[in-house]
Amino acid sequence: MLKLKEKMLLTNKDPKKEILNNVLINVVILLVSITTYLLTKNFMYFIYFGATLILFNFYYFSRYGRSLGKNNEVLVDDFIDTFTYFRIYVSNNRNVYMSLKEISNYSSPFIKGKLNELLNDIDEDKSLKPFLKFASYFNNRKVEEVMIAIYEMIDEGSNENYINQFIQTFMAFKLRVNKKREDKRNSNINLSITLSIVGVGILMILIMLGIISILGEIVV
């Protein structure tokens, strides 16, 4: 598991600035809560601001992981979109090396750069290493399996068995990603509904606590 500092660096954030910003915001929230208590003499505000601190810090420090996950999902989606064209080319008996060149015309700037790097590496190194290097940019085991299948196609001179093996590997990966995407979409919908219900519940509790507090002050 990546450490917090590593996650910050991978999302192009300065760890020192991020920690400093977090400390400053926490101090502001604490000062506001203390000031509010001194003005109102109502201890319930400490509970409100305490909950705010917990929620804020959870969101603040978890956003790096969410950002990394989102970036990686985008890269994998780009990979699938790009290599869908590659699958079409090799299915029509196009040369594997030339197909890798052609698909750069349909890829994102990032993948286009990595494809050019892959092609240059292949010219100098005929081993599996360039393909594994390309796959490493996507941090996904299935991408690595697809690239190994492509290497075997080149190594075996576009043998039909290896072409079919690549197609099966790639399509299984594509279907898996699409299913995962659909499951995530459904999960987000369910989470939104759950959070709405929880939010309403919390709001009702806070209103009740506020009413009880007011009634207590009236009685006293």
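Residues numbered from 1 in each chain as written. Predicted model: local features only at pLDDT ≥ 70, side-chain atom pairs only at ≥ 80, totals over all residues. Heavy atoms only, no water.

Student: Would you mind going over the UniProt feature "transmembrane region" (unreviewed entry) in the protein with me for this structure?
Tutor: Residues annotated in UniProt with the feature "transmembrane region" (unreviewed entry) correspond here to residues 20-39, 45-62 and 189-215. The span residues 20-39 is 100% helical and 0% strand by assignment, and the distance between its end C-alpha atoms comes to 29 Å. (UniProt positions renumbered as here; feature names shortened; annotations may be inferred. Helix = DSSP H or I, 4+ residues; strand = E, 2+ residues; numbered from the N terminus.)

Student: Would you take a moment to explain helix 6 (residues 129-136) for this structure?
Tutor: For an α-helix the count is 3.6 residues per turn, leaving residues at separations of three or four pointing the same way. Turning to helix 6, its buried residues are P130, F131, F134 and A135. One face of helix 6 carries all of its buried residues, which in axial projection span an arc of 140°. (Buried < 20%, exposed > 50% of the residue type's maximum accessible area, 1.4 Å probe, protein only. Arc of directions from axis to C-beta.)

Student: Just to check I follow, could you spell out the confidence of the model for the protein for this structure?
Tutor: Note that predicted coordinates carrying low pLDDT should not be read in detail. Here the protein averages 80 in pLDDT, and 85% of its residues register 70 or above. Between the elements of the protein, mean pLDDT differs from a low of 63, seen in helix 1 (residues 4-10), to a high of 92, seen in helix 6. (pLDDT = per-residue confidence, 0-100.)

Student: Explain the packing of aromatic side chains here, please?
Tutor: By convention here, two paired aromatic rings are described through the distance between centres and the angle between planes. One pass over the full model with this rule turns up 13 aromatic pairs. Each residue in the set F79, F83, F86, F110, F134, Y137, F138, F166, F170 and F173 is aromatic and connected to the rest through ring pairs, giving one cluster. A cation sits over an aromatic face here: K114 above Y137, 4.1 Å from the ring centre. (Phe/Tyr/Trp six-rings, centres within 6.5 Å; stacked < 30°, edge-to-face > 60°. Lys NZ or Arg CZ within 6 Å of the ring centre and 35° of its normal.)

Student: Would you take a moment to explain helix 2 (residues 15-40) for this structure?
Tutor: In this model, helix 2 (26 residues) spans 37 Å end to end at C-alpha, consistent with the 38 Å of a helix rising 1.5 Å per residue. Listed in full, the buried residues belonging to helix 2 are P15, E18, N22, N26, I29, S33 and T36. Trailing helix 2 by a residue or two, K41 shows a phi angle of about 60°, which is positive. (Expected span 1.5 Å × (residues − 1).)

Student: It is not clear to me how unusual backbone geometry should be interpreted in this structure. Could you clarify?
Tutor: Most peptide bonds adopt trans geometry, and most residues besides glycine take a negative phi value. Backbone geometry places N93, a non-glycine residue, at a positive phi of 65°. Tracing the chain through its elements places N93 in the loop between helix 3 (44-91) and helix 4 (96-102). If you check the backbone angles, N139 has positive phi at about 50° while not being a glycine. Along the chain, the position of N139 falls in the loop between helix 6 and helix 7 (141-155). Here N139 falls in the exposed class, since its relative accessible area comes to 63%.

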